[in-house]
Amino acid sequence: MNILDKIRNEQVKPERHEFNIGDTIKISVKIVEGGNERIQQFQGTVIARRGQGIEETFTVRRVQAGEGVERVFPINSPRIAKIEVIRRGDVRRAKLYYLRDKIGKAARVKELRTK
């Protein structure tokens with residue numbers, strides 16, 4: 001194991017985030033404004049997840065005021081305070097980019113039913 005691998009392993013968060021593509025999640029993001037720090041919520045559907053280890057990221061999409069808003073978050077970012085799964089999605093694809101073209105009820109993802 002070289003020096004870069006050691007540094008990367010030190011930066012990875014120990015907790016494991018259990019969410020998948022299609023899940024609706026609520027992310028608590030730390031925002032710094034001047035000297036103040038506050039937590040802002042961002043809730044949406046996970047449409048993509050890529051990378052591994054320290055470079056792993058996920059994309060969350062929501063529609064706000066009729067406009068689609070997407071944000072890419074690094075999983076191991078110190079700016080993420082908490083990730084909470086609101087509902088599980090039942091999807092058959094690894095990337096849900098087709099949701100960008102859908103509007104209204106067509107942009108919803110079916111909920112995963114557990115027995």
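The following paragraphs examine the structure supplied in this document. (Residues numbered from 1 in each chain as written. Predicted model: local features only at pLDDT ≥ 70, side-chain atom pairs only at ≥ 80, totals over all residues. Heavy atoms only, no water.)

Brief notes about the overall build of the protein
The cut-off we apply is this: To qualify as a helix, a DSSP run of H or I must reach at least 4 residues; to qualify as a strand, a run of E must reach at least 2; elements of each kind are numbered from the N terminus. Exposure classes here rest on a 1.4 Å probe applied to the protein chains alone. A residue is buried below 20% of its type maximum, exposed above 50%, and partly exposed in between. Only heavy atoms matter for contacts: two residues are in contact if any of them lie within 4.5 Å across the pair. Exposure was quantified through the Shrake-Rupley algorithm and a 1.4 Å probe, taking into account, for residues, occlusion by the shown protein chains and nothing else. Note that His is not counted, nor are the chain ends; the positive residues are Lys and Arg, and the negative ones are Asp and Glu. A charged residue contributes its charge at one atom only: NZ of Lys, CZ of Arg, CG of Asp or CD of Glu.
Looking only at helices and strands, one finds one helix and five strands in the protein. Taken from the N to the C terminus, the helices and strands of the protein come in the order α-β-β-β-β-β. Summarising its shape, the C-alpha atoms of the protein cover approximately 50 × 40 × 30 Å along the three principal directions. Within the protein, the fraction of its 115 residues that count as buried is 30%. In the protein, the proportion of contacts linking residues at least 24 apart, taken out of those at least 6 apart, comes to 51%. When the accessible surface of the protein is split by element, carbon and sulfur atoms take 47% of a total near 8400 Å². Charge-centre separation for the protein: the mean point of 26 positive side chains lies 6 Å from the mean point of 15 negative side chains.

Points about the pairing of strand E1 (residues 24-33)
Put simply, the test is: Two strands qualify as a pair provided DSSP detects at least 2 bridges between them.
In terms of strand pairing, E1 meets strand E2 (residues 36-50) through ten bridges, oriented antiparallel. When the bridges of E2 are listed, Val-32 appears paired with Glu-37. Taken together, E1 and the strand that follows it, E2, pair antiparallel across an intervening segment of two residues, in which Gly-34 is found at a positive phi of about 65°. Note that E1 and strand E5 (residues 80-87) share six bridges and pair antiparallel. The residue bridging Thr-24 from the neighbouring strand is Arg-87, located in E5.

Topic: unusual backbone geometry
Located in the positive-phi region is Ala-65, a residue other than glycine, with phi close to 55°. With respect to the helices and strands, the residue Ala-65 is situated in the loop between strand E3 (57-64) and strand E4 (67-74).

A word on the environment of Arg-8
Following the sequence through the fold, Arg-8 ends up in helix H1 (residues 3-11). Residues Arg-8 and Ile-54, 46 residues apart in the sequence, show an inter-C-alpha distance of 6.0 Å. If we skip the residues at most four places from it in the chain, Arg-8 touches Ile-54 and Glu-55.

Focus on the packing of aromatic side chains
For clarity, the cut-off: Working definition: rings of Phe, Tyr and Trp (its six-membered ring) pair if their centres are within 6.5 Å, and the pair is stacked with planes under 30 degrees apart, edge-to-face with planes over 60 apart, and tilted otherwise. By definition here, charges over rings are those cases where NZ of Lys or CZ of Arg is within 6 Å of the ring centre and within 35 degrees of the ring normal.
Within the structure shown, the criterion is met by three aromatic pairs. Members of the aromatic cluster, connected to one another through ring pairs, are Phe-19, Phe-42, Phe-58 and Phe-73. Between Arg-49 and the ring centre of Phe-19, over which it is positioned, the NZ or CZ distance is 4.4 Å.

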